[in-house]
Amino acid sequence: MAGLATELYNDFISQDMQDTWKLCGFWIFLCWITSVLSNNYSQVDKLWSITPWGYVWLYVLKSEGDKRLLWMGFVSTLWGIRLTLNFARRGGYTWPPWQGEEDYRWEHVRNHDRMKADKNPVRWHLFNIGFICIYQHVLLMLIAAPAHIAYKHRGTPMT
């Protein structure tokens, strides 16, 4: 088990993942700064259906046309478009993007006895950066992790 954990750790910090981590950091920063400035903490929700296939396409572009990764990019893009259109149909997107309704759950979390954002804004902001921004974007990046594995094994036959 220790060997697997070491391999996963080495993959996570590998050169192949650098562009993915940079893009993830960009999304984290964008959502955090937008949520702080707009007081709307649903910024990640707007990117939930878009970012995974963006990560997949990073690997497709780096692979120089690997067929497996092209298929992964195509399928993940179709799925992302379907989710995005459904979210848009339900009013999930507005212009400018930082406006619009906040997910009803964040109000419940903010008003929970342990959180009480009005009494302890530092706790709420730590929750925002830690869970809403960092955790969720890393999770979205991990949804696309099979593309990283396919990239590592690019050029092998699809069987």
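Residues numbered from 1 in each chain as written. Predicted model: local features only at pLDDT ≥ 70, side-chain atom pairs only at ≥ 80, totals over all residues. Heavy atoms only, no water.

*Asks:* Would you mind going over the nonpolar core in detail, with residue names and values included?
*Replies:* Counting 25 residues, the largest nonpolar core has Cys24, Tyr55, Tyr59, Leu69, Trp124 and Ile132 as the members making the most contacts within it. Elements supplying a minimum of two residues to this core: α2 (18-38), α3 (43-47), α4 (51-63), α7 (121-143) and α8 (145-152). The element best represented in this core is α7, accounting for 6 residues. Among residues more than four places away in sequence, those in contact with Leu69 are Tyr59, Val60, Ser63, Ala147, Ala150 and Tyr151. (Core = buried A, V, L, I, M, F, W, Y, C linked by side-chain atoms within 4.5 Å. Buried < 20%, exposed > 50% of the residue type's maximum accessible area, 1.4 Å probe, protein only. Helix = DSSP H or I, 4+ residues; strand = E, 2+ residues; numbered from the N terminus. Contact = heavy atoms within 4.5 Å.)

*Asks:* Summarise the side chain of Thr34; cite the residues concerned and give the values.
*Replies:* Within the secondary structure, Thr34 is located in helix α2. For Thr34, a relative accessible area of 17% corresponds to the buried category. A distance of 2.6 Å separates the side chain of Thr34 from the backbone oxygen of Leu30, its partner in a polar contact. In contact with Thr34, other than residues within four places in its own chain, are Asn39, Gln43 and Trp98. (Polar contact = N/O pair within 3.5 Å; in protein donor to acceptor, adjacent residues only side chain to side chain.)

*Asks:* How would you sum up unusual backbone geometry? Please name residues and give values.
*Replies:* Each neighbour pair has its own omega, and for Trp95 with Pro96 the value is -5°, a cis peptide bond. Among the structural elements, Pro96 can be located in the loop between α5 (67-89) and α6 (104-110). Of note, the phi angle at Asn39 is positive, near 65°, even though the residue is not glycine. Looking at the secondary structure, you find Asn39 in the loop between α2 and α3. For Asn39, a relative accessible area of 55% puts it in the exposed group. Positive phi, normally seen in glycine, also occurs at Glu64, with a value near 60°. Along the chain, Glu64 turns up in the loop between α4 and α5.

Nothing here speaks to function; it is geometry throughout.
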